[in-house]
Structure formats: structure tokens, C-alpha cells
Amino acid sequence: MEIVLRPLLVSGSVILATFAVGWAADFALRQIASRHPAVLLWPRLRRCRVPLQVAACTALLLSSYQTAGVGRGHHAGIDRALTLLLIASVGWLIVRIAGAIVESGYAHYASVSHDAARVRRVQTQVTLIQRVVIAVVAAVTGAVMLMQFRAMQTLGTSVLASAGVIAAVAGIAAQSTLGNLFAGLQIAFGDMVRLGDTVVVEGEWGTVEEITLTYLVVRTWDERRITMPVSYFTNRPFQNWSRGGAQMTGTVYLHLDHATPVTLLRQELHRVLKNCDAWDGRAWNLVVTDTTPSTIQVRALATARDADDLWTVRCVVREKLIGWLQEQHPYALPKISHTLAAPEPAHAPESLPDRAARH
């Protein structure tokens, strides 16, 4: 009877203790968060409850399973399995804590900052820092777990003895990967490109949607995704329309007849912009920029808050001005001059040399 009751008693105690630890930690965080609502760290730390419970349960089982008389003759295997689970859960807990700290710092900065460009810069840096932390913690956790095996300890000793050669070979083999890794860090802290920036790469216009340590994703206007290595942005020129601010200036070119009433067209442009919600009201203009023997080139200028609004403004201006000219001043639209070709005679007269040659 004791053989059955002791394991049940120990298992029940471990489960109750695990839930007690999780409940106590969650209760303490909720109390602290209610007393300090301005601090955004405490609500995010509540996401660490599950890995904390897993680590606590594993540690309690590791220290008490022998007392319960479980696994006699297999203590070495059980110890190793529980140790590996404990190491993995501690690494999971560290990742959650680090993520909560970084995210709370970014959320606080975003709530007090009024500069959208700086907020996107910090968001890009936070994202890459989280990925670096996850990669480092995962590598260290995996190494510690492997070192729990005796064969791996011997292998680790031999690897350390030849670390110089292995590092050189790995550096040559992973040259592009390491280049992308350092390029990702350079992008994060060099403020070259940020999440949400409007860029033009390889003739494609889009918005930066995701930045990792090795690649970058650009979402185009037609919702396609272009995945590019981050080293592209450190080795080649590209257009960043959001650099220094999202506000932009756009132009619309019209080819019209010389008789176009430019003054009235300029007034119509102002009226169209005042009725367009995408226009930010900063600037507008309409001038004649070029002339040809048959047409004149008119440039309409307008500003907008960002690239999306600018596209809308340009389309609205182009459509409304052409429609107004068609209704009010159709003579101002360009015309194509053409003449009918003279018909050939039915029987061409015979020349004198041809007539002499025929006779």
C-alpha cells in the first residue's frame, strides 16, 4: 500500500506546489501592476507564469522522485531527462523575461514619443534585439543540454582544442550568413531602414513589413511580398521615402493644347485639393514646365502625409482635372493633326521614254 500511496502523495504535493507558485507569482504581479499602472513591465511579466510553473514542477520532481520510490534502477535516466527539461524551461523563462523587459521599454517610449519615424526606429531595434536574445539563449541552452551527456563532454573538449581551425572553416563556409547577420545589426542601429518605411527596391514600391537578422520582407502595393537579404540594403543604393519623415510631395503632368486657360486650371486644382481628404494642406502649385509645337506640359504639385495618401492625391488630381477640361474646356485637350492621303490615279499616264521604248 505504501508503494502506491507514497508516489501519489509526492506527485500531488508537487502539483499543488506548482500551482501555488504560479498563483502566488501572478497575484503578486497583479497587485504591483494595480499600484503602479504607469509601469508597463508588470502586466507583461504575467506571461512568464507557464514557464515558471514548468521549471518549478521539474525542480520539485528532480528533488523528490527518489523519496517517492519511483524509477528504482533507472535513476540515471530519470535524472538526465528531468535535468534536460529543467534547463529547457529555465531558458524558456529567460526568453520570456527578456521579451517582457524589451517590449515594456518600447511600449513606454511609443506612448511618450510623438515622432513616428523615431518610434519605427526603436521598434526595428527592439525586434532585432529580441531575435538576438532568443538566438543566444537557445544556443546556450542547447549547449548546456548537450554537455549533460558524457560523449558530448569529450566532444566539447576536443572541439575547444581545435577551436581556431573550426572557427576559420565555419567563417569561410558561413560567410554570407554572417554577412547578413552583421548587416541586420547595422540596419537596426544604423537607422538605414525601419519597419513601416516606404522603400523602392529593384523598381518595386512597397512598405517594410518585417526585418530579421538575415532577411527583410517588403510588402508591395498589390500585397505581394518581396523577401530580400538584409545585406542588399548595405551594399546597394535604394530609395527610402520615409527617411527623415513620412511627408511627401508629388506631381501630376498633363499634356494640353496651347489654348488651355492655365489660370482657371490652377484655380480648379486648388478647389480639387480642398475637397480631397488625402491632401495635407502644406503646399500646392500648377505651372507650365515645357512646350512643344503641338502641346504644352503642365505640372500640378501637391503634398500628402505619406506615400499612400500621395498616391491617392495624384490619382484624384489627374482624374478631376481631365474631367473638368472635358466638360468646361474641351478645346484644351491635345489634338492629333492628320490629313487624308491623295488617291492614286486609276491609269497613270505613260511617259515619253516608255512610249518610245515600246514602239
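Quick caveat, the model's predicted, so the values are computed rather than measured. For every chain, the first residue of the written sequence is number 1, and numbering continues from 1 onward in sequence order. Confidence filtering applies because this is a predicted model: local features only for residues at pLDDT of at least 70, side-chain atom pairs given and counted only at 80 or more, and all residues used for totals across whole chains, interfaces and linings. Only hydrogens and water are set aside; all other atoms, that is, all heavy atoms of the structure, feed into the side-chain values.

1. Side note on the sheet that holds strand S2 (residues 204-211)
Strands pair in a sheet through their backbones, by hydrogen bonds, and they do so in one of two ways: parallel or antiparallel. By the convention used here, strands pair only if DSSP detects at least 2 bridges between them. We count a stretch as a helix when DSSP gives it H or I for four or more residues in a row; a strand needs E for two or more, and each element gets its number in order from the N terminus. Strands sit in the order S4-S3-S2-S1-S5 across an open sheet of five strands; the sheet is antiparallel. Pairing within the sheet leaves two strands with one partner each, and these edge strands are strand S4 (225-229) and strand S5 (239-240). Looking at chain direction, S2 and strand S3 (residues 215-220) are connected through five bridges and run antiparallel. Note on S3: the bridge partner recorded for Ile 211 is Leu 216.

2. Quick notes on a nonpolar patch on the surface
Each patch is built from residues that are more than 30% exposed by relative accessible area and take part in no salt bridge. Like charges join if they lie within 9 Å; nonpolar side chains (Val, Leu, Ile, Met, Phe, Trp, Tyr) join within 5 Å. The Shrake-Rupley method, run with a 1.4 Å probe sphere, supplies the accessible areas, and residue values consider only the shown protein chains as cover. Salt bridge, as applied in this entry: a Lys or Arg side-chain nitrogen positioned within 4 Å of an Asp or Glu carboxyl oxygen. Residues Val 136, Val 140 and Val 144 make up a contiguous nonpolar surface patch of about 220 Å² in total accessible area. With respect to the element layout, Val 144 can be found in helix H5 (residues 116-146).

3. Regarding the pairing of strand S7 (residues 279-291)
Sheet topology note: the S7/strand S8 (residues 296-304) ladder contains eight bridges and is antiparallel. Its bridge partner lying in S8, Val 287 is registered against Arg 299. Counted along the chain from S7 to the antiparallel partner S8, the turn is four residues long.

4. Description of the confidence of the model for the protein chain
Summary statistics for the protein chain give a mean pLDDT of 77 and a share of 74% for residues scoring 70 or more. The quantity called pLDDT is the predictor's confidence in a given residue, expressed from 0 to 100. Here, residues are in contact when the closest pair of their heavy atoms is within 4.5 Å. For residues 159-175, every residue scores under 50 in pLDDT, and the model assigns this stretch two contacts once sequence neighbours within four places are set aside.

5. Some details on the state of the cysteines
By definition, a disulfide links the sulfur atoms of two cysteine residues through a covalent bond. Cysteine sulfurs are considered disulfide-paired once they come within 2.5 Å of each other. Counted by the stated rule, this structure contains zero disulfides. In this structure Cys 276 is not part of a disulfide, and its nearest cysteine sulfur, from Cys 315, lies 9.9 Å away. Accessible area is worked out with a 1.4 Å probe on protein chains only. A residue is then buried under 20% of its type maximum, exposed over 50%, and partly exposed in between. Its relative accessible area of 11% is what places Cys 276 among the buried residues.

6. Here's the deal with helix H11 (residues 307-328)
Here a helix's expected span is defined as the number of its residues, less one, multiplied by 1.5 Å. The terminal C-alpha atoms of H11, which comprises 22 residues, lie 31 Å apart, in line with the 32 Å expected from a rise of 1.5 Å per residue. The secondary structure elements touched by the buried residues of H11 are strand S1 (198-201), S2, strand S6 (248-256), helix H10 (262-274), S7 and S8. Capping the start of H11, Asp 306 holds a side-chain oxygen 3.3 Å from the backbone nitrogen of Asp 308, two or three residues further along. Within 3.5 Å is the distance limit for a polar contact, defined as a pair of N or O atoms, with the added protein rule that one can donate a hydrogen and the other accept it, and that residues adjacent in sequence qualify only through two side-chain atoms.

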